[in-house]
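Examination of the molecular architecture
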Amino acid sequence: MLARIRKAMAEKEDGFTLIELLVVMIIIGILAAIAIPVFLSQKQKGYDASLKSDMRTVANELESYNTDGNGYPTNVAITAATNPVTVGTAAVHTSPGNQFTVTYNTAQTSYCIVSFNPKGTHAWEYVSSQGGLQPSTTFTTNVLQACSFAVGAF
């Protein structure tokens, strides 16, 4: 009996068939096709998160200045190349590649911050009179424009 088992094992060839290998390759290909786009969108979400965080930091600094100085600063130096961002006399460090612009309403009682990063998904707006952060649906280019709301309306 043992001799028959040894003979059967000796005659049996080890390894995978071509069909088995092809099935495994197809499964790996499907998993890669799912995983790669998800990974790439996670990078864009990271850039968006840095924009949101920097916008909240700048907004906090504007509100602190308003509380301390009874008004919003007129000398907010925010350009594409400015890092750190200067709000009044305070310096706010922002992430590389993030671009901002700040506009005030006509009475200077509220403000709008528009931010964009070319590697993110789209531009973002922070409107102080409407609760803060929201995605910008009016433009998606790398040109920073004034807030999409009418100047007197926000």
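Up top is the structure these notes are about.
This is a predicted model, so every value here is computed, not measured.

The rules behind the values
- By convention here, each chain's residues receive numbers from 1 onward along its written sequence.
- In keeping with the predicted nature of the model, local features appear solely for residues at pLDDT of at least 70, side-chain atom pairs appear and are counted solely at 80 or more, and the whole-chain, interface and lining totals rest on all residues.
- Side-chain measures here rest on the full set of heavy atoms in the structure, leaving out hydrogens and waters.
- In this text, helices come from DSSP runs of H or I with a minimum length of four residues, and strands from runs of E with a minimum of two, each type numbered from the N-terminal end.
- For the exposure calls, accessible area comes from a 1.4 Å probe over protein chains only, and a residue counts as buried if that area is under 20% of its type's maximum, exposed if over 50%, partly exposed in between.
- The accessible surface values rely on the Shrake-Rupley method and a 1.4 Å probe; as for residues, cover is taken only from the protein chains in view.
- When DSSP locates at least two bridges between a pair of strands, those strands are taken to pair.
- Centre distance within 6.5 Å is the pairing criterion for rings of Phe, Tyr and Trp, where only the six-membered ring of Trp is used; planes under 30 degrees apart are then read as stacked, over 60 as edge-to-face, and the remainder as tilted.
- Only buried residues count toward a nonpolar core, which is a set of Ala, Val, Leu, Ile, Met, Phe, Trp, Tyr and Cys residues joined through side-chain atoms within 4.5 Å.
- Any pair of residues with heavy atoms lying within 4.5 Å of one another is described as a contacting pair.
- For patches, a residue must show more than 30% relative accessible area and have no salt bridge; joins then use 9 Å for like charges and 5 Å for nonpolar side chains, namely Val, Leu, Ile, Met, Phe, Trp and Tyr.
- By definition, a salt bridge exists where a carboxyl oxygen of Asp or Glu is found within 4 Å of a side-chain nitrogen of Lys or Arg.
- One fewer than the residue count of a helix, multiplied by 1.5 Å, yields its expected span.
- Whenever two N or O atoms come within 3.5 Å, that pair is a polar contact, provided that in protein one can donate a hydrogen and the other can accept it, and provided that, for residues adjacent in sequence, both atoms are side-chain atoms.

Moving on, we get to the overall build of the protein chain. Scanning the protein chain for helices and strands turns up 2 helices and 6 strands. Residues classed as buried in the protein chain amount to 30% of the 154 residues present. Here the protein chain has roughly 9,900 Å² of accessible surface; of this, 60% comes from carbon and sulfur atoms.

When you tally the buried positions in strand E4 (residues 111–116), you get 6 out of 6 residues, the bulk of the element. Residues Tyr111, Ile113 and Ser115 point to one face of E4 and Cys112, Val114 and Phe116 to the other, with burial holding for every one of them. With 6 bridges joining them, strand E3 (residues 99–104) and E4 adopt antiparallel strand pairing. Counted as the bridge partner of Thr103 is Cys112 from E4. Hairpin connection between E3 and E4: a loop of 6 residues separates the two successive antiparallel strands, and Gln108 in this loop has a positive phi of roughly 55°.

Per the counting criterion, the structure on display carries 3 aromatic pairs. Seen from their ring centres, Tyr72 and Tyr111 are 5.1 Å apart, and the 70° between their planes marks the pair as edge-to-face. Of the two residues, Tyr72 is situated in the loop between helix H2 (18–69) and strand E1 (85–87) and Tyr111 in strand E4; the sequence distance between them amounts to 39 residues. The interplanar angle of 5° and the centroid separation of 6.2 Å between the aromatic rings of Tyr111 and Tyr126 together place this pair among those described as stacked.

With that settled, the discussion passes to the nonpolar core. Within the largest apolar cluster, 16 residues are counted, with the highest numbers of intra-cluster contacts made by Leu62, Tyr111 and Ile113. Mapped onto this core, the elements with two or more residues apiece are H2, E1, E3, E4 and strand E5 (124–127). Sort the elements by how many residues they give to this core and H2 lands first, with 5 residues. Sequence-distant contacts of Ile113, that is, excluding residues within four places in its chain, are made with Met55, Val58, Ala59, Leu62, Phe100, Thr101, Val102, Trp124, Glu125 and Tyr126.

Where nonpolar side chains cluster on the molecular surface, the patch consists of Leu18, Ile19, Leu22, Val23, Ile27 and Leu31 and spans about 610 Å² of accessible area. Within the fold, Ile19 resides in helix H2. Of the residues examined, Ile19 reaches a relative accessible area of 59% and is grouped as exposed.

By the secondary structure assignment, Thr74 is in the loop between H2 and E1. Here Thr74 falls in the exposed class, since its relative accessible area comes to 70%. In sequence terms Thr74 and Gly88 are 14 residues apart; their C-alpha atoms lie 7.7 Å from each other.

This paragraph deals with H2. Counted at 1.5 Å a residue, the expected span for H2 with its 52 residues is 76 Å, and the 76 Å between its end C-alpha atoms agrees. Among all positions of H2, only Asp48, Ser50, Leu51, Asp54, Met55, Val58, Ala59 and Leu62 are buried. Looking one or two places after H2, you find Asn70, whose phi comes out positive at around 55°.

Moving on: the side chain of Ser50. Within the secondary structure layout, Ser50 lies in helix H2. At 3.4 Å, the side chain of Ser50 and the side chain of Asn98 are in polar contact. Beyond its immediate chain neighbours, meaning those up to four positions away, Ser50 contacts Ser95 and Asn98.

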